Amino acid sequence: MDTIVLVSKENTSNLTKKSVRNASSDPAERPRGILNSMKKNGLRALVVLVLFQLMMLPQAATAQTGDTADVYARIRKEENENSKIMRVMHYFTDIYGPRLTGSENHVNAAKWGAAEMLNWGFDRAFLEPWEFGHPGWQNGRNTGLMLSPQEDTLTYEVLAWTPSTKGPVTGEVVSVVTPTFPSAENPQIKQGPTQAELNAYFDSIKSAVKGKMVLVGLPAFIDQSTEPMPKHIPMETLKCRMDPTKKPGECGPAFRFPQGSRPAPRPGALTAREVDEQLDKFFLDNGALVRINESQLDRGAVRAFNNRTFDISKVIPTVVMRNEDFGRIYRILQDKTPVRLEFNLQSRVIPSGVTSYNLIGEIAGSDKADEVIMLGGHLDSWHSATGATDNAVGCATIMEAARILKAIGVKPRRTIRVACWSGEEQGLLGSQAYVKSHFGSAEDPKPEFSKFGGYFNIDSGTGRVRAMSIFGPDEAAKVLNDALKPFEDLGFAGVTATKSRNLGGTDSTSFNHAGLPGIGGSQDPIEYFGVTWHTNLDTYERIIEPDVKASAIIFAAAVYTLAMRDELLPRFPKDQMPPLPQAPNR
């Protein structure tokens, strides 16, 4: 499988050699020249040299601190005066739009990103392939209307990897609600049917679904009295979380996806997924026209994922409808009033999408060019909107952080490598493939494993980065924590260490899982999980420019720190490497 290289500067190795040759102009090298010139003067020259070095030591330390402060000041100035983040956001979201893995939109956005990094002066930028294993799918032109009892336009999104309709199709709606049963432990919790119970239900409705639109399930009740989640994390809360002596419960609530209690399973009951898979086959076998699921979100938000098989021949055309339209149709049907709808759903399968691509850009290092510092986010998105907060803004931020260092003339000792992943939304597939190909794991390392210096990741919306968590010993966190203290004025609270090698959530865990220092950014939530995450509301307008600029500044400083220091970040010794998590029982 060949890498698609858009442009590559031919003289990267020569530039590296030149950087090494010019190292002698560094003030730290001057005592060596003095020693050579004084050899003939014997002991007297040696005494003079020792005195000279003793005088220079505090000055060198002061100069080093001063140099860092100057670089930090130039990082701030460059970002505040010449930022390119919103331009990149415009192209990724407005021009290229939804960037579903395997789609033409994603590949075209990645090609543009590579060209842009080269325009900024990066030494290399290219698309690196990995095998997705499924054909791509691209949404097209879609319409959905209520024809009766009133005419209206419906709000919905198409489920990815489902087929088109055969032009406009019209039909009456039938409500399909599979049987559920109250749990013996908690009657509020409903449990699924057995296979026999589901078969009996299918037999009872088989004649009703042919040629119909099927409304699946009950409308969700969304409590409008619930307070929205806070948009910002107080500094005192973050400081508490940075304190290793504090327990999580002592530092205020953190966002968690809702977790319901799990009562004992009903004997013989099918899982929700098993019921859903059988529903798809039932509708296909019995000639239903369109499946309608409900978003279970309020204020018109719709979150549409994909047909789990990635095979359009196994399902009928399927949409996810906003709560408000779904509920209205359901209530009308309960009045025994017929509802007639029309859909025209057009999409395309992309055969070439079986191969997907990670976007990679590099700024070559100098005396430690074989060692690599990475920073990234995922470029792929869902298709309901233009994927602004999830996660075009992450790619734009990390591209910007590297651009800043290039623009202010930093000559990194280590190679700086930007990665905009694909396949994140399908399970961190692009970053996992990259880590496996380049680094291996602590249990089966490749040569590059020992040369890896850290991977920074951002993937939680438009809120500014407020803290970081690094896989590694406490000493690794201290390196970054000390280096980033000057950015408390931007709301940055600190860096903590983690020993978790659990895989999931975002791409930094692909590195953690391999035993490498993945560094995840923690951000102000703004309206990420409650509003924009994976929804049709995730557009350019949701981006808060001052916040993303602040994140770019902080990441630029963090990357600079790791690219320039004498040693790689401290890591767990082999005998202290945390074990891989146990695979869940199936």
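Treat the numbers as computed from the prediction; the structure is a model and nothing was measured.

Concerning the overall build of the protein chain
- When helices and strands are counted, the protein chain shows 15 helices and 19 strands.
- Looking at the protein chain as a whole, 49% of its 586 residues qualify as buried.
- Intrachain contacts of the protein chain at a sequence separation of at least 6 include 84% that bridge at least 24 residues.
- Working note: accessible area of the protein chain is about 28200 Å², and carbon and sulfur atoms make up 53% of it.

Digging into the nonpolar core
- Counting 71 residues, the largest nonpolar core has Ile75, Phe92, Met399, Phe456, Met468 and Phe487 as its most contacted members.
- It is helix α15 (residues 545–564) that provides the largest number of residues to this core, a total of 13 residues.
- Dropping the residues within four chain positions of it, Met399 is found in contact with Val88, Phe92, Gly113, Met117, Trp120, Phe122, Val418 and Cys420.
- In this structure, Phe132, Leu154, Leu345 and Trp382 belong to the second largest nonpolar core, which totals 29 residues.

Considering the environment of His232
- Note on placement: His232 falls in the loop between β9 (213–216) and α7 (235–242).
- With sequence-adjacent residues up to four places away left out, His232 is seen in contact with Asp524, Pro525 and Ile526.
- In terms of polar contacts, His232 uses its side chain to reach the side chain of Asp524, at 3.2 Å.

Overview of the side chain of Arg413
- With respect to the element layout, Arg413 can be found in the loop between α10 (388–407) and β15 (414–421).
- A polar side-chain atom of Arg413 sits 2.9 Å from a polar atom in the side chain of Asp367.
- With near-sequence residues (within four places) excluded, Arg413 lies in contact with Gly365, Ser366, Asp367, Lys368, Ala369, Ala563, Met564, Arg565 and Asp566.

Observations concerning the pattern of salt bridges
- Counting across every chain of the model gives 29 salt bridges.
- Between Glu362 and Arg417 there is a salt bridge, with the nearest N and O atoms lying 2.7 Å from each other. Residue Glu362 is located in strand β13 (residues 355–363), and its partner Arg417 is located in strand β15; the two are separated by 55 residues in the primary sequence. We note that Glu362, like Arg417, is buried.
- A salt bridge links Arg403 to Glu400; the nearest nitrogen and oxygen atoms lie 2.9 Å apart. Taken together, the positions of Arg403 and Glu400, both in helix α10 and 3 residues apart, correspond to about one turn of that helix.
- Connected through salt bridges with shared partners, the residues Asp276, Asp280, Arg291 and Arg308 form a single ionic network.

Notes on the sheet that holds strand β12 (residues 340–350)
- What the 8 strands build is an open sheet, ordered β4-β3-β12-β6-β9-β10-β11-β5; its pairing is mixed. Taken across any chain shown, the strands that pair with only one partner, and hence form the sheet edges, are β4 (152–153) and β5 (156–158).
- Examined bridge by bridge, strand β10 (residues 290–294) and strand β11 (residues 318–321) share 4 bridges and lie parallel to one another. Across the sheet, Arg291 pairs through a bridge with Thr318, a residue of β11.
- Its contacts with the sheet place helix α9 (residues 323–334) against β3 (136–148), β4, β6 (169–176), β9, β10, β11 and β12, and it is angled at close to 105° to β9.

What about the pairing of strand β14 (residues 368–378)?
- Within β14, 9 of the 11 residues are buried, leaving the element largely enclosed by the surrounding structure.
- Bridge count between β14 and β15: 8 bridges; the pairing is parallel. Residue pairing across strands places Lys368 opposite Arg414, the latter belonging to β15.
- Once the chain exits β14 it traverses α10 before rejoining the sheet at β15, and the crossover so formed is right-handed.
- Here β14 runs beside strand β16 (residues 452–457); their pairing, made up of 4 bridges, is parallel.

Section: the confidence of the model for the protein chain
- Averaged over every residue, the pLDDT of the protein chain is 89; residues scoring 70 or more account for 87%.
- pLDDT under 50 marks residues 7–43. Its contacts with residues more than four places away, or in other chains, come to 28 contacts.
- The model gives residues 45–64 a pLDDT under 50, and that stretch makes 8 contacts with residues more than four places away or in other chains.

Re the packing of helix α6 (residues 195–209) against helix α8 (residues 272–285)
- Two numbers describe how α6 lies on α8: the axes approach to 11 Å, and their chain directions differ by 30°. For the element pair α6 / α8, the angle class is roughly parallel. As for how α6 packs across α8, the hand of that crossing is right-handed. Residues Gln195, Leu198, Asn199, Phe202, Ile205, Lys206 and Val209 of α6 form the contact with α8, whose participating residues are Val275, Gln278, Leu279 and Phe282.
- Of the residues in the contact of α6 with α8, the class split is 7 nonpolar, 3 polar and 1 charged.

How each quantity is defined
- Residues numbered from 1 in each chain as written.
- Predicted model: local features only at pLDDT ≥ 70, side-chain atom pairs only at ≥ 80, totals over all residues.
- Heavy atoms only, no water.
- Helix = DSSP H or I, 4+ residues; strand = E, 2+ residues; numbered from the N terminus.
- Buried < 20%, exposed > 50% of the residue type's maximum accessible area, 1.4 Å probe, protein only.
- Contact = heavy atoms within 4.5 Å.
- Areas by Shrake-Rupley, 256 points an atom, 1.4 Å probe, with all protein chains shown as cover.
- Core = buried A, V, L, I, M, F, W, Y, C linked by side-chain atoms within 4.5 Å.
- Polar contact = N/O pair within 3.5 Å; in protein donor to acceptor, adjacent residues only side chain to side chain.
- Salt bridge = Lys/Arg side-chain N within 4 Å of Asp/Glu carboxyl O.
- Pairing = 2+ DSSP bridges.
- Axes fitted to C-alpha atoms, helices over the stretch in contact; angles between N-to-C directions.
- Right-handed = clockwise from strand over helix to strand, strands pointing away.
- pLDDT = per-residue confidence, 0-100.
- Parallel < 35°, antiparallel > 145°, perpendicular 65-115°, else oblique.
- Left-handed = near helix turned anticlockwise from the far one by under 90°.
- Nonpolar A, V, L, I, M, F, W, Y, C, P; charged D, E, K, R; others polar.

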